[in-house]
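So the chains spell out like this:
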Amino acid sequence: TSVPVDAAVGVKRWSSSMTPGSHHLTLYFADSASPPDGTIDQNCGAGVPYWVYAAQQPTAEQVMPTGVGITVPARQKVYIQLHYVNTSDAVIHASATVDADTYAPGEAYTPAAAFVTYRSGFTVPAHGTAATGGSCAVPADARFFAVSTHTHRLGVHTAVRDGDAMVFESTDWEHPGTRGWDAEPFYRFASGHLTYACDYDNPRDTAVSEGASARDNEMCMAIAYYVPATAPTFCFNDTVVR
């Protein structure tokens, strides 16, 4: 769809709700070549995703620190990825709502964006353990105000480090939580790199490989938000690709 605004706005709060059975929701910016509004596409667009907002709970919100906002251009095309898991024989009627609270027209704010990492190509052996992760260079002037991680159900521990310093860790794959900083100076990665790690324990009789399915595959991601930023940053394995 397209955001129905005729001038750029600064979003200071995202909020969302999902019907039962949800695993996660992700809101992306799309480019002008995206399919027409109202299109349903299982591939969720093409190319490198412009990650904007995500939720791993049925009801969630992301409130920016005072004076910080994510810029949404006029008539920005967006798409929403909904990930559901149906554990019963009953039909799930899946739907979601995403709302945005914005700064007043002309009100000043510091632009923010997401810093998203993704590790590909790993496998967790049957009845075994595995560890993976990566290290991504951050912009020299980046100041981070939120950090979290994402895995699927075999994840037993995730961490984000700044060199040897622990910035964030979790042992809850479904609701990992977020470490946030409410006011400047926020957090600077002194090492110049955001290093993330994921540990897995697989009790299944078959190996589980990296992929999109919450039931059949695993993921290893770190998701953070920083200022100043004009567009999201995406790091694939150890390489910043945008």
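This section reports on the structure supplied with the text. Quick caveat: nothing in here was measured; it's all calculated off a predicted structure.

Quick notes on the overall build of the protein chain
- Counting its secondary structure elements, the protein chain contains zero helices and 20 strands.
- What you see for the protein chain is a C-alpha radius of gyration of 18 Å, in line with the 18 Å of a compact globule of 242 residues.
- Seen through its C-alpha atoms, the protein chain measures out along the principal axes to roughly 60 × 45 × 30 Å.
- The proportion of buried residues among the 242 residues of the protein chain is 44%.
- Partitioning the contacts of the protein chain with sequence separation of at least 6, the portion at a separation of at least 24 is 82%.
- When the accessible area of the protein chain is evaluated, it comes to approximately 12000 Å², of which 52% is carbon and sulfur surface.
- Taken as two groups, the 13 positive and 24 negative side-chain charges of the protein chain have centres that lie 4 Å from each other.

Points about the sheet that holds strand β14 (residues 165-170)
- Pairing in this open sheet of four strands is antiparallel, and the strands run β11-β16-β13-β14 from one edge to the other. Each having just a single partner strand, β11 (128-137) and β14 make up the two edges of the open sheet. Neighbouring strand axes in the sheet, compared pairwise and without regard to direction, differ in orientation by 15° on average.
- In this sheet, strand β16 (residues 193-202) lies alongside strand β13 (residues 155-162) in antiparallel orientation, the contact comprising six bridges.

Quick notes on the packing of aromatic side chains
- Tallied over the entire structure, the rule returns 14 aromatic pairs.
- Ring geometry for Phe115 against Tyr226: centres 6.2 Å apart, planes inclined by 80°, an arrangement best described as edge-to-face. Here Phe115, found in strand β9 (residues 113-118), pairs with Tyr226, found in strand β18 (residues 221-227); they are 111 residues apart in sequence, far enough to count as distant. Neither Phe115 nor Tyr226 differs from the other in exposure class; each is buried.

Quick word on the state of the cysteines
- Enumeration according to the criterion identifies two disulfides in this entry.
- Shown here is the disulfide that connects Cys136 with Cys235, its sulfur atoms set 2.1 Å apart. Classification of the bridge connecting Cys136 and Cys235 rests on its S-S torsion, roughly -85°, and on that basis the disulfide is left-handed. Of this pair, Cys136 sits in strand β11 while Cys235 sits in strand β19 (residues 233-236), and the two are 99 residues apart along the sequence. When sorted by exposure, Cys136 lands in the same class as Cys235, which is buried.
- Cysteine pairing for the protein chain (bonded cysteines numbered in sequence order): 1-4, 2-3.

Things to note about the pattern of salt bridges
- For the coordinates displayed, the defined rule picks out six salt bridges.
- In this structure, the salt-bridge partner of Asp101 is Arg13, at a minimum N-O distance of 3.0 Å. A residue pair is termed long-range when its members are at least 10 positions apart, and Asp101 in strand β7 (residues 96-102) and Arg13 in strand β1 (residues 9-18) qualify at 88 residues.
- Judged by its relative accessible area of 27%, Arg13 falls in the partly exposed class.

Quick word on the nonpolar core
- Counting 62 residues, the largest nonpolar core has Trp14, Phe144, Phe145, Val160 and Leu194 as its most contacted members.
- The element best represented in this core is β18, accounting for seven residues.
- Ignoring any residue separated from it by four or fewer positions in sequence, one finds Phe145 in contact with Gln62, Met64, Pro65, Val68, Ala112, Arg179, Gly180, Trp181, Phe186, Tyr225, Tyr226 and Val227.

A look at the sheet that holds strand β20 (residues 239-240)
- Spatial ordering of the open sheet is given by β15-β12-β18-β9-β19-β20, a layout of six strands whose pairing is mixed. Of all the strands in the sheet, just β15 (179-180) and β20 have a single pairing partner and so form its edges.
- With four bridges joining them, β9 and β18 adopt antiparallel strand pairing. In the sheet register, Ala113 faces β18, and the bridge partner there is Tyr226.

Rules of the game
Residues numbered from 1 in each chain as written. Predicted model: local features only at pLDDT ≥ 70, side-chain atom pairs only at ≥ 80, totals over all residues. Heavy atoms only, no water. Helix = DSSP H or I, 4+ residues; strand = E, 2+ residues; numbered from the N terminus. Rg over C-alpha atoms; globule rule 2.2 N^0.38 Å. Buried < 20%, exposed > 50% of the residue type's maximum accessible area, 1.4 Å probe, protein only. Contact = heavy atoms within 4.5 Å. Areas by Shrake-Rupley, 256 points an atom, 1.4 Å probe, with all protein chains shown as cover. Lys, Arg positive; Asp, Glu negative; His and termini not counted. Charge placed at Lys NZ, Arg CZ, Asp CG, Glu CD. Pairing = 2+ DSSP bridges. Axes fitted to C-alpha atoms, helices over the stretch in contact; angles between N-to-C directions. Phe/Tyr/Trp six-rings, centres within 6.5 Å; stacked < 30°, edge-to-face > 60°. Disulfide = S-S within 2.5 Å. Salt bridge = Lys/Arg side-chain N within 4 Å of Asp/Glu carboxyl O. Core = buried A, V, L, I, M, F, W, Y, C linked by side-chain atoms within 4.5 Å.

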